[in-house]
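Coordinates in review
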Amino acid sequence: MEARAWLDLSGEMAATGLDRRTLHTLVTTYGRVYPRVVELAGKVPGGTERLCPHNADIVAQLHHAVQEELTVSLQDFLLRRTGIGTSRCQGEDCADAIGGRMATLLGWSGRRLDAELEAYHTHVERSRRALA
């Protein structure tokens, strides 16, 4: 059985400038701790910017994943920490940019970034072949 509660997000929308879809994504992903990510969005540069044009996930989520959830790989972030990797676009149009952000946050070398991107794109190719 699934239960859903109605949550009035109008206050957060007004205070943060985040749209309803983004706030809904944060509430759904983080539950009661979503205010931490909203707060972080106001503190990190570009924290409220979307990571993907097709998904509501924002830059603050990446910072939260790295700082609080010990995310250390691009696949982990895209496939388990957000819905980007399992969405219709599978993050194909934003994985490189997100990888670049992760490289900065985690101090990856160019070689490590290339390996992360190659591993992710290989995963996407395999998943598409499995569905074909």
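Everything discussed here concerns the structure shown above.
Residues numbered from 1 in each chain as written. Predicted model: local features only at pLDDT ≥ 70, side-chain atom pairs only at ≥ 80, totals over all residues. Heavy atoms only, no water.

Relative to the elements of secondary structure, A119 occurs in helix α7 (residues 110-131). Sequence spacing of A119 and E69 is 50 residues, and the spatial spacing of their C-alpha atoms is 21 Å. (Helix = DSSP H or I, 4+ residues; strand = E, 2+ residues; numbered from the N terminus.)

Further remarks concern α7. Over its 22 residues, α7 runs 32 Å from end to end, which matches the ideal 32 Å to within 8%, given 1.5 Å per residue. Within α7, the full set of buried residues consists of L113, E116, L117, Y120 and V124. Down the axis, α7 shows its buried residues gathered within 95° of arc, on one side only. Every exposed residue of α7 that faces more than 90 degrees away from the buried side is listed here: R111, D114, E118, R126, R129 and A130. Looking at the packing, one finds that the buried side of α7 touches α5 (74-81) and α6 (95-106). (Expected span 1.5 Å × (residues − 1). Buried < 20%, exposed > 50% of the residue type's maximum accessible area, 1.4 Å probe, protein only. Arc of directions from axis to C-beta. Contact = heavy atoms within 4.5 Å.)

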